[in-house]
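A structural walkthrough
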Amino acid sequence: MKKLETAAIRIQNERSQFKEHSVPLFLTSSFVFDDAEDMRASFAEEKETNIYSRFTNPNTSEFVEKMCALEGAEAGYAFATGMAAVFSTFAALLNSGDHIVSCRSVFGSTHTLFTKFLPKWNITTSYFKIDELDTIESIITSKTKILYAETPTNPAVAILDLEKLGAIAKKHNLLLVVDNCFATPYLQNPIKFGADLVIHSATKLIDGQGRVLGGVTVGKKELIREIYLFARNTGPALSPFNAWILSKSLETLSVRVKKHCKNALKIAQFLEKNEMVTDVKYPFLPSYPHYEIAKKQMKMGGNVIAFQIKGGLHAGRTFLDSLKMCSLSANLGDSRTIVTHPASTTHSKLTKEDRLEVGITDGLVRISIGLEHVKDIKNDLKNAFAAL
Ligand SMILES: *Cc1c(COP(=O)(O)O)cnc(C)c1O
């Protein structure tokens, strides 16, 4: 088994007759067969071959193979977006009447999927709160199939204990599905703690440069087979072009994420000392409530910091308006530092009570630390604090 850094670079498709060094882009909808027998055998899955790019394509297969190596997974399938990966995973594995147990602190669209769309097919979800893992067993029923979690969470940067979740899933014979988007396989491998499936929005740190959307689910072979069959017939496939970009992105994942984390730790320490700021949440700050758990399951602290600005909604908005370099944008995990104010933007449609339940107070600011020089990030933040 190669080291992560090497696998992310050296796993690649066989060279063509041109002996290219860097893998080319296979922009083709379909593939040809030698003869009728070759075509029959391909469709019968008697041989592993590409038929049509909704099923497989050399660029998507290369990306998936790398993601499997990085997560320690047996198999995977790549999707057009992270949400296509989340939805297809549930749609492929659950039946009418099945039940999900999930942490309440999940990505906004995942929450909408649980509360608005999956109930259409009589698939229901019960939530546990981030600090109440000991209540999970009391909400598991005979219909529960999946235990679902995200760690660190978006946008409040809370941490769930993967080892505990793995033990609960095993005891109750549930599938543990983890959205590992914030950590990337470089920082954390949920499969080591008992996860059956790991989902990524590749749009974030995996692309890392804010260019393309993508998603992937990796894990146990027999589960991926079901997900593949669902996706092959419903069409959420990743485009070959985006797969080519994402596979190249993985070559630099380790150096990028390491640098993101170094910058983020320095900014978190800077914020902690700032008198306009309270409640700095960054997993690798010793003051972080779940610092020990973070150290146990993550290599470094990630690139996202959440904090409170004194003065609530108004101060939060003034702070954003006063930034000169940092971008105001709905993305994260970009080479450019991005600042958001969830209460007035991504989570403004929730009621205040619902926001508070996932840790989004009016003064909460989320920063996705980029790869700029840390002094320039610090100066931009400093100037914006001075405007308050
Ligand atoms: C962005 C995000 C998603 C959704 O990914 P898309 O590629 O935008 O569809 C899912 N989970 C988490 C934690 C995310 O941050």
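Treat the numbers as computed from the prediction; the structure is a model and nothing was measured.

What counts and what doesn't
Residues numbered from 1 in each chain as written. Predicted model: local features only at pLDDT ≥ 70, side-chain atom pairs only at ≥ 80, totals over all residues. Heavy atoms only, no water. Buried < 20%, exposed > 50% of the residue type's maximum accessible area, 1.4 Å probe, protein only. Helix = DSSP H or I, 4+ residues; strand = E, 2+ residues; numbered from the N terminus. Pairing = 2+ DSSP bridges. Right-handed = clockwise from strand over helix to strand, strands pointing away. Salt bridge = Lys/Arg side-chain N within 4 Å of Asp/Glu carboxyl O. Domains from an automatic or database assignment. Buried area = accessible area lost by both parts, 1.4 Å probe. Polar contact = N/O pair within 3.5 Å; in protein donor to acceptor, adjacent residues only side chain to side chain.

1. Observations regarding the pairing of strand β2 (residues 99–103)
Among the five residues of β2, five are classified as buried, and the element is accordingly described as predominantly covered. Pairing analysis gives five bridges linking β2 to strand β3 (residues 124–128), with the strands arranged parallel. Its bridge partner lying in β3, C103 is registered against F128. Viewed along the sheet, the connection from β2 through helix α5 (residues 108–117) into β3 turns out right-handed.

2. Quick notes on the pattern of salt bridges
One pass over the structure, following the stated rule, counts twelve salt bridges. The partner of R336 in a salt bridge is D334, with the nearest N and O atoms 3.0 Å apart. For R336, a relative accessible area of 42% gives the class partly exposed. Here the salt bridges do not stand alone but share partners, grouping E37, R40 and E46 into one network.

3. Examining the domain arrangement of the chain
Interfaces are often sized by the amount of accessible area the parts lose when they come together. In terms of domains, the chain is made up of domain 1 (4–250) and domain 2 (253–386). Between the C-alpha centres of domain 1 and domain 2 the distance comes to 27 Å. For the pair domain 1 and domain 2, the summed buried area comes to about 3,200 Å², and 60% of that belongs to carbon and sulfur atoms. Between domain 1 and domain 2 we count two salt bridges in total. For K296, the salt bridge identified is with D161, shortest N-O distance 3.1 Å. On the surface where domain 1 and domain 2 come into contact, there are 18 residue pairs in polar contact (both at pLDDT 80 or more).

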